[in-house]
Amino acid sequence: MAYRREDIERVRDATDLVELVAEVTKVRRSGRSVMAVCPFHQEKTPSMSVDPARGLYHCFGCGKSGDLFRFVQDTQMVDFSDAVEVLARRSGITLHEDAEASKRRDRRQTLVDTTVLAVAFYHDSLKTGRDAGGARGYLRGRGYDAAVVDRFLIGYSPPHGEALVGHLRRHKVPEDVMVTAGLAVRARTGKVFDRFRGRVMFPIYDVRGDAVGFGARLLEGGEGPKYLNSPETPIYHKSSLLYGLNWAKSEIVRSGQSVVVEGYTDVIGLHLAGMPVAVATCGTALGEEHLDLLRRFSERVVLMFDADEAGTNASLRGFERSVPGDLDLRVAVLPEGRDPADVVAAGERAVIDAALAASTPLLQFRLERLLEGFDLSEPEARGRAVRSAAEIVARHPDRVTRHEYGVLVSRRTGVELEVVVRTVEAAVTGAQTARPAGPRPARPLDGVEKAERELLRLMLANDAGVRKHDLSGLFSRDEHRAAYDLLLPVLSALDPGMPPDLGSLLGDDDGDVAVMLRGLAFLETPLPVAEEVLRKVQVGAVERRIEEIRLAVEGLAPDSEAYTAGFQELIALERRRRELASQE
């Protein structure tokens, strides 16, 4: 449901963030300061600061931050609208729909409702269809009785081309909705046909539990690919969907780990075996968006595959370029040729438990498999092994962890640790140079950039000493300029000294700039003197401009007008730099 902004702000004003946090975790008050034990990572001493006046929280341990709506979203695993509803009920506030936003939501809901109709149709077709004998036999062969079929709403798509289309027409579903939902395809003639035919159907749900698509397995003797998934639609995005997460999320939080397997039947098998923490990707490799989803519920993610070459390769797909440093990402290997569904079907739950207990970090798994491919008794092979291993270790973002893996490689290969570490760090530099288009790696702020952050802190406080100056063009970093552009129009509408409503401005924004500003807002160090900070930032801006002009005039003819103009600007800039320096 989409609600009016004024209603959302009423809910914000009526909710005490400290009381809300105290319902979930331990809160400690000390004067005006409020600290809490962060519920988003394991800790014993409070590291989350809660600012009731601004309606924001920020954890200095894990970096989680946001407003009251984000807190409800992340602690109760709901979306923004649901969080608004939870807090509105808590405060006794009546909500009203926003007409335009509701149109967008209604479009999504129409697609979800249509997919729900398809789930029910396929499920009924499996149980009652005369042509579904092969599908029922396949499922019985996997040990699925009627209770399992009903629990996971498994279905069957009839082989003739308009079974589902006809059913949806009878429910007054427009053809364009069928196509947009990925349930039907339109031929060149304009006629609409079922997308899925003669397949066992596994409904796929998003994390909220909405039906958004299907995974379909071809039956023996059928034509086409063995597995077929829904296409990308407004509600089905395979890069951010995990089969089974809607059922598994609560147990993942309780147990502290999720288990990623390859297939839908593997997920079902582990759930039936009393391990409802299993999920699977939907026809794609496990990637960063999947990990972003899983890290909301647990810091440990275990990839479980069989030990054959295909299983090994499957565990490595999606991590050719990077290794997440903030997750305990592990690999659990089953006996060769056996997948989780097979093991569960054989009643060997102990094999699953043993594999999980023996799981190894993903990077260690990759290194061990790599080194197995070299004859480490030969000097040249050891050299190749170290260089290859270094390329893998270099992908880990943490320097200490890279060093520890260097120790592992040194022990396995017999090459001196110092040589291995130098090779790894050289590979780190090479990897960064080879990916100029990627995100800029984090680096320490220099003195001027630190002053820019302090200037932003003064803006967050709406300091009168800053307001009287034009700060445009002074900031050197992109995120600082974006923060200035975000704050300026808000501050212009306020009297000097009146702080902006950061909860409303930044609360439900997960962007890098909002996260940075929330972190600055919670710094407890005293605010600096505006003139001193401003002067340092101005000097930095002048020096950058001097360097730009100097580089520009170097390639110009001394008798050209452009050279003369540039030289005159350099003189003026140098004069300005001396003036600023004299004010210190």
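For the structure, check the block above.
The residue count restarts for each chain, going from 1 along the sequence in the order it is written. Local features in this predicted model are restricted to residues whose pLDDT is 70 or higher, and side-chain atom pairs enter the listing and the counts only when it is 80 or higher, whereas totals over whole chains, interfaces and linings include all residues. Excluding hydrogens and water, the side-chain values take into account all heavy atoms of the structure.

A run of DSSP states H or I qualifies as a helix once it reaches four residues; a run of E qualifies as a strand once it reaches two. Both are numbered from the N-terminal end. Scanning the chain from N- to C-terminus turns up 26 helices and 17 strands. When the backbone C-alpha atoms are referred to their principal axes, the chain occupies close to 90 × 75 × 60 Å. Three exposure classes are used, based on accessible area relative to the maximum for each residue type with a 1.4 Å probe and protein chains only: buried under 20%, partly exposed in between, and exposed over 50%. Evaluated residue by residue, the chain yields a buried proportion of 46% over its 584 residues. In this description, contact between two residues means that some pair of their heavy atoms is separated by no more than 4.5 Å. A separation of at least 24 residues holds for 67% of the contacts in the chain among residues at least 6 apart in sequence. Positive residues here are Lys and Arg, negative ones are Asp and Glu, while His and the chain termini are left out of the count. Charge placement uses NZ in Lys and CZ in Arg. For Asp and Glu, CG and CD serve respectively. The positive charge centre, built from 79 side chains, and the negative charge centre, built from 89, are 2 Å apart in the chain.

Below, the discussion takes up the nonpolar core. The nonpolar core is taken to be a set of buried Ala, Val, Leu, Ile, Met, Phe, Trp, Tyr and Cys residues, with the residues joined through side-chain atoms within 4.5 Å. Counting residues in hydrophobic clusters, the biggest one holds 84 residues, and the most contacted among them are Ile154, Tyr243, Leu245, Leu303 and Met304. For this core, the element with the highest residue contribution is helix α5 (residues 99–128), accounting for seven residues. In this structure, Ala451, Leu460, Val466 and Leu474 belong to the second largest nonpolar core, which totals 30 residues.

The next point concerns helix α3 (residues 68–76). Of all nine residues making up α3, seven are buried, and the element is well covered by its neighbours. Every buried residue belonging to α3 is among Leu68, Phe69, Arg70, Phe71, Val72, Gln73 and Asp74, and all of these are buried. Where α3 is buried, its residues touch α1 (5–14), α2 (17–22), β4 (56–59), β5 (65–67) and α4 (80–91). The backbone nitrogen of phenylalanine 69 lies 3.3 Å from a side-chain oxygen of the residue at the head of α3, namely aspartate 67. Directly after α3, the chain includes methionine 77, whose backbone phi takes a positive value near 60 degrees. Here a polar contact is recorded for every N or O atom pair within 3.5 Å, except that within protein the pair must consist of a potential hydrogen donor and a potential acceptor, and residues adjacent in sequence are included only if both atoms are side-chain atoms.

On to the packing of helix α20 (residues 447–460) against helix α25 (residues 530–554). Note on definitions: angles span 0 to 180 degrees between N-to-C directions of axes, and those axes are lines fitted to C-alpha atoms, for helices only across the stretch in contact. Where α20 contacts α25, the two axes come as close as 9 Å, and the packing angle between them is 135 degrees. Relative to α25, the element α20 is oriented oblique. Remark: the crossing between α20 and α25 carries left-handed chirality. The residues of α25 that touch α20, namely those facing Gly447, Val448, Ala451, Glu452, Glu454, Leu455 and Leu458, are Ala530, Val533, Leu534, Lys536, Val537, Gly540 and Arg544. Here the contact of α20 with α25 is composed, by residue class, of eight nonpolar, two polar and four charged. An angle below 35 degrees is treated as roughly parallel, one above 145 as roughly antiparallel, one from 65 to 115 as roughly perpendicular, and anything else as oblique. By definition, any crossing whose near helix is turned counterclockwise from its far helix by less than a right angle is left-handed, and any crossing with a clockwise turn is right-handed. Put simply, Ala, Val, Leu, Ile, Met, Phe, Trp, Tyr, Cys and Pro go in the nonpolar bin, Asp, Glu, Lys and Arg in the charged bin, and everything else, Gly too, in the polar bin.

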